[in-house]
Amino acid sequence: MKTSIKRTNTMFNLFNLGNLPKEVSRFLTSFLAMPLLFFGTACKDQEEIIPQGNPISLNFKESSLSFTESQTSGLEVILHLDKLARANSEITMRLQHGALDGRWETTPAISDQNELKIPVTRGARQVSFQIKPVNDLLYNGNLNLTFKIIQVGPDLKIGTNDQIDLMLIDDELSGKLKSFETQGMLTQYRSFDYSLYGKINRVVHKNSQASNADISYTYLYDDKSQLIRINSNPAYINQTFFYEGNVLARTIKQFSSNQVESEEYTFDSENRILGITVRDRNAVAQNPVKTYTEFTYHANGNVHTITTMEPISNLEHQVIRKITYTDYLEKTNPVPFYQDIPTLMIQPQLPGKVVIEEHNTTFTYGLAYQFDSSGKVTLRTASGPSGSENTRYFYY
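Residues numbered from 1 in each chain as written. Predicted model: local features only at pLDDT ≥ 70, side-chain atom pairs only at ≥ 80, totals over all residues. Heavy atoms only, no water.

Caption draft 1: Representation of the overall build of the protein chain. Along the backbone of the protein chain there are one helix and 28 strands. Counting over 396 residues, the protein chain shows a buried share of 35%. For the protein chain, the computed accessible surface area is about 23900 Å², with 50% contributed by carbon and sulfur atoms. (Helix = DSSP H or I, 4+ residues; strand = E, 2+ residues; numbered from the N terminus. Buried < 20%, exposed > 50% of the residue type's maximum accessible area, 1.4 Å probe, protein only. Areas by Shrake-Rupley, 256 points an atom, 1.4 Å probe, with all protein chains shown as cover.)

Caption draft 2: Representation of the layout of surface pockets. Here the second largest pocket defines a volume of roughly 300 Å³. Lining the second largest pocket are 17 residues, and of these Gly198, Lys199, Ile200, Phe337 and Pro342 lie nearest its centre. For the lining of the second largest pocket, the secondary-structure elements that each account for two or more residues are β12 (188-194) and β24 (341-345). Looking at the lining of the second largest pocket residue by residue, the classes come out as 11 nonpolar, four polar and two charged. (1 Å grid on protein atoms, 1.4 Å probe; cavity = no way out; pocket = protein on both sides within 12 Å on 5 of 7 lines; lining within 4 Å. Points joined across faces, edges and corners; volume = space filled by probe spheres on them. Nonpolar A, V, L, I, M, F, W, Y, C, P; charged D, E, K, R; others polar.)

Caption draft 3: The arrangement of unusual backbone geometry in detail. Cis peptide bonds are those with omega within 30 degrees of zero, and the linkage from Thr107 to Pro108 qualifies with -5 degrees. Along the chain, the position of Pro108 falls in the loop between β5 (104-107) and β6 (115-120). Across the junction of Asn233 and Pro234, the peptide omega takes the value 5 degrees, indicating a cis bond. Topologically, Pro234 is positioned in the loop between β15 (227-233) and β16 (237-244). A positive phi angle, close to 65 degrees, is found at Asn271, a residue other than glycine. Within the secondary structure, Asn271 is located in the loop between β18 (260-267) and β19 (273-280). Overall, the relative accessible area of 46% leaves Asn271 in the partly exposed class. Of note, Gln339 is a non-glycine position whose phi angle comes to about 55 degrees, a positive value. Tracing the sequence through the fold places Gln339 in the loop between β23 (337-338) and β24. Since its relative accessible area comes to 44%, Gln339 is described here as partly exposed.

Caption draft 4: Representation of the confidence of the model for the protein chain within the structure. Residue-level pLDDT values for the protein chain average 87, and 85% of them are 70 or greater. Across residues 1-18, where pLDDT falls below 50, the model places five contacts with residues more than four positions away in sequence or in other chains. Predicted confidence is poor over residues 27-47, with pLDDT under 50, and the contacts of this stretch with residues over four places away or in other chains come to five contacts. (pLDDT = per-residue confidence, 0-100. Contact = heavy atoms within 4.5 Å.)

Caption draft 5: Region of interest: the packing of aromatic side chains. According to the stated counting rule, one finds eight aromatic pairs in the structure shown. Ring geometry for Tyr236 against Phe255: centres 6.1 Å apart, planes inclined by 75 degrees, an arrangement best described as edge-to-face. Of this pair, Tyr236 sits in the loop between β15 and β16 while Phe255 sits in strand β17 (residues 247-255), and the two are 19 residues apart along the sequence. Residue classification places Tyr236 among the partly exposed positions, given a relative accessible area of 38%. Each ring, one from Tyr369 and one from Phe371, has its centre 6.2 Å from the other, and the planes form 35 degrees; the classification is tilted. The partly exposed category is assigned to Phe371, whose relative accessible area is 29%. Of the aromatic side chains, those joined through ring pairs into one cluster are Trp104, Phe129 and Phe147. Looking at Arg250, its charged tip hangs above the ring of Phe242, at a distance of 4.7 Å from the centre. (Phe/Tyr/Trp six-rings, centres within 6.5 Å; stacked < 30°, edge-to-face > 60°. Lys NZ or Arg CZ within 6 Å of the ring centre and 35° of its normal.)

Caption draft 6: Broad picture of the sheet that holds strand β3 (residues 75-81). The five strands are arranged β5-β7-β3-β1-β9 in an open sheet whose pairing can be described as mixed. Either end of the sheet is taken by a strand with one partner, and the two such strands are β5 and β9 (156-158). Adjacent strand axes in the sheet meet at a mean angle of 30 degrees, parallel and antiparallel pairs treated alike. Note: strand β1 (residues 56-60) against β3, three bridges, orientation antiparallel. Following the sheet pairing, Leu58 is matched in β3 by Leu81. (Pairing = 2+ DSSP bridges. Axes fitted to C-alpha atoms, helices over the stretch in contact; angles between N-to-C directions.)

Caption draft 7: Just the pattern of salt bridges, in detail. For the coordinates displayed, the defined rule picks out 13 salt bridges. Salt-bridge contacts for Asp82 lead to Lys83; the nearest nitrogen and oxygen are separated by 3.9 Å. The partly exposed category is assigned to Asp82, whose relative accessible area is 41%. The partner of Asp340 in a salt bridge is Arg190, and the shortest N-O contact between them spans 3.1 Å. Residue Asp340 is located in the loop between β23 and β24, and its partner Arg190 is located in strand β12; the two are separated by 150 residues in the primary sequence. Accessibility classification places Asp340 together with Arg190 in one group, the buried group. Look at the salt bridges and you will find they share partners, linking Asp268, Glu270 and Arg272 into a network. (Salt bridge = Lys/Arg side-chain N within 4 Å of Asp/Glu carboxyl O.)

See the structure below:
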C-alpha cells in the first residue's frame, strides 16, 4: 500500500508578502534586508580608516647623515609622520647651509631659491627625498649641507626634529693628512689644505712659543702642476722655485728683513735629494756659501743621514749638525717630505729611532707609534734624554 506524502514548499514568495499578516510582513522585510547592510559594512572595512583629530607631527628620521662622493646611488632622507596622512599635501624644505655648487642633486629637484618640495600622499606614514653626489674626481673637500622644514600642509605640524645635517665626503680627499699637533719638548700645530688636484694648497703653522703665533703658507703651481712659489702670511718669507726641465734646480728666498738666500739642489737618478747648497745673496762676495746639507739613504729608499755643514775656509767645511734615522717600520709616513716642500721626498716610511749630533752632544730618541684600523699613524711618542713629546695626527 503506497502512502503519498504532500511536500510543503517552505520558501516564501517575496512577491506575496502582502498576503501575510502585517507584523510578519514587516519582520521578514527587515530580516531579508540585513545581509545587504552587512555587505555594505564589510566593504567599508576593506578601506583603512584614517582617524581625524589633532595635526600630525612631522620629523626627520635622523638628525645627521653622511654619504660619499662615489656613492652613486645616493642617500634617501626620510621624514616620519606620527599618524597616517589624512589628505594629499606638500612639505617645503629649505637649504639653510651649503650651496648649489653642482656637486650634488636631489629628487625631487631643488629650486634656484634653495627650496625642496616633497609631496605627501593620503595614508602615508613617511615621505622622503633622494640626494645624489656628482663625482667630479677633484679634491674639493668635504661638504656640509643643512635642510630645514619651513612649511607643511594644513593637517600637518612641524615637529622638534625639523632639520637634518648632511655631509658629502670627498673620496679623493678622504684619508689625506689634515693636521698634526706636537706637545712636550716642542709645541707646534700644523694643518694642511689641498688644491682641486690633490696638491698642497696651504699649510698653517701655529706655535704658542713663537712671536709669530700663526703663519699661513700658500702654495702656487704652474700649468704643469709644478710648485713655483710659496708665500707666507704675515709676509715673513716668500720662496720662488726654478726648474731645469722637470727637475727642481734652485729656489730664491726673500725674507721680510730684505735678506735674500738661494738654495741649489742636486738629485740622484731616482729623483732623491742628495744635496742643498744655501748661498747668501746679500753678501759682498759673490754668493758665498752659508751651509751645505747632504743626504744619504737606506736601501729601502728612506733617508739615513742628514748632515749640515758650514764653511770654515774656501776648501774646508765643519759639521754643525747630523741627524741619523734607523729602524724604519713598514708604515706610511704622512709627512714624508723635507721642509714642507713636496718635491723633496725623503722619508716615505716611519723611523723607529733618531740620533741628533749637535754642539758636541749626542741625543738619542726612540719613536713609538699607534695606528688606526686602516694602518694610518694617529700618535707618535718620542722619548729621549730631554723627556718625551706626543704628536697626534688627524685625517680628512
